[in-house]
Amino acid sequence: MSSTLTGMRRMLDIAPLRSFVAVADCGGFQRAATSLHLSQAAVSQHVRRLESATGRALVERQGRGSRLTPDGEHLLRQARRILAIHDETLHGFGMETEETVVIGSTEHAAAQLLPFLAAALEQSLPRYRIRFRIDRGTNLREGLEAGRIDLALLLGPANDPRATPVGELELIWYSSPVWRRPAATQPMPVVAFDHPCALRTCALEALSSQAIPAVIGAEAIQLAGVQAAVGAGLGVALMATMGQTPEGLVARDDLPKPAPLPLAVWSRHGLATIISERVAAALGRLLAEPAAAETAIENLQLARGA
């Protein structure tokens, strides 16, 4: 009788099951904790609760990491089914199980890309809360590896299975309205982001292709700093602005035109495929038809205000 009562008290709660699935999908406890916005101790406790409930070891150490035991693999299959039915049931009653998706982006064209992306995902991923992080490309890549970021919008070639190309960004030279191009014997002053930076490389390569000597006239770690230096007449800068000229600057057509820069969506390991697909599709539409995207944003804003 006592063993029956003990068995009845054993339960597989939803929160521990989510943590367990995250450990499997993210490849470890720390990454799972970061993706769930929990502490590593909380995730470890969740897994111990499941091991206590099942009476089986579910996760074992493998070098510096961990892997699921055969019993853990069995529970993982059942956990996915349980969570799917749980979420589907709540959805059927008009209740959403909101999860957070962190999308990282560099500053290049973020002002043009992110408003449309936020509006598009509000409709295509209504069950997810979208949070954005603006940072340098190197930091975003590190965030993906560590599981702090779910998706990253990165410029440059994307020869990686985690990356989905979505289009290209046109690059345009900008200067102060009063800036004058130096004599042919003088180097071209360039304003750029700190190294490493895809735009910095493109700018110097474009000038070099036409045998135009160049020198870095000013550096900055943020887009506002680059634009301020250009506005102060310290040099020219190559930017991806989707045709929207920054205030106080003018576009230049007397400098070598560089090739467009590819944009790709990078996904962390274990992220649900539907999320990366919806983000990539939204960005693809924006880059293919920017005017239509702007109209879509305006219509959504009008609908919100109605």
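Right, let's walk through the structure included here. (Residues numbered from 1 in each chain as written. Predicted model: local features only at pLDDT ≥ 70, side-chain atom pairs only at ≥ 80, totals over all residues. Heavy atoms only, no water.)

What to know about the nonpolar core
Right, on to step 1. Residues Leu 117, Leu 153 and Val 279 are the most contacted members of the largest nonpolar core, which totals 56 residues.
Right, on to step 2. When near neighbours in sequence (up to four residues on either side) are disregarded, Leu 117 contacts Ile 103, Phe 132, Leu 153, Val 279, Ala 282 and Leu 283.
Right, on to step 3. Core analysis: the next-biggest nonpolar cluster, separate from the first, contains 19 residues, Cys 26, Ala 32, Val 59 and Leu 68 among them. (Core = buried A, V, L, I, M, F, W, Y, C linked by side-chain atoms within 4.5 Å. Buried < 20%, exposed > 50% of the residue type's maximum accessible area, 1.4 Å probe, protein only. Contact = heavy atoms within 4.5 Å.)

Side note on the pairing of strand β8 (residues 188-193)
Right, on to step 1. For β8, the tally of buried residues reaches six of six residues, placing the bulk of the element in the interior.
Right, on to step 2. Here β8 shows two buried faces, one formed by Met 188, Val 190 and Ala 192 and the other by Pro 189, Val 191 and Phe 193.
Right, on to step 3. Pairing of β8 with strand β9 (residues 214-220), which is carried by six bridges, proceeds in the parallel orientation. In the sheet register, Ala 192 faces β9, and the bridge partner there is Glu 219.
Right, on to step 4. Taken together, β8, helix α8 (residues 198-209) and β9 constitute a β-α-β crossover, and its handedness is right-handed. (Helix = DSSP H or I, 4+ residues; strand = E, 2+ residues; numbered from the N terminus. Pairing = 2+ DSSP bridges. Right-handed = clockwise from strand over helix to strand, strands pointing away.)

Details of the pattern of salt bridges
Right, on to step 1. Inspection of the entire model under this criterion finds nine salt bridges.
Right, on to step 2. Between Arg 133 and Asp 135 there is a salt bridge, and its shortest N-O distance comes to 3.1 Å.
Right, on to step 3. With a relative accessible area of 19%, Asp 135 lands in the buried category.
Right, on to step 4. Between Glu 219 and Arg 200 there is a salt bridge, with the nearest N and O atoms lying 2.8 Å from each other. Here Glu 219 is found in strand β9, whereas its partner Arg 200 is found in helix α8, with 19 residues between them in sequence.
Right, on to step 5. Overall, the relative accessible area of 14% leaves Arg 200 in the buried class. (Salt bridge = Lys/Arg side-chain N within 4 Å of Asp/Glu carboxyl O.)

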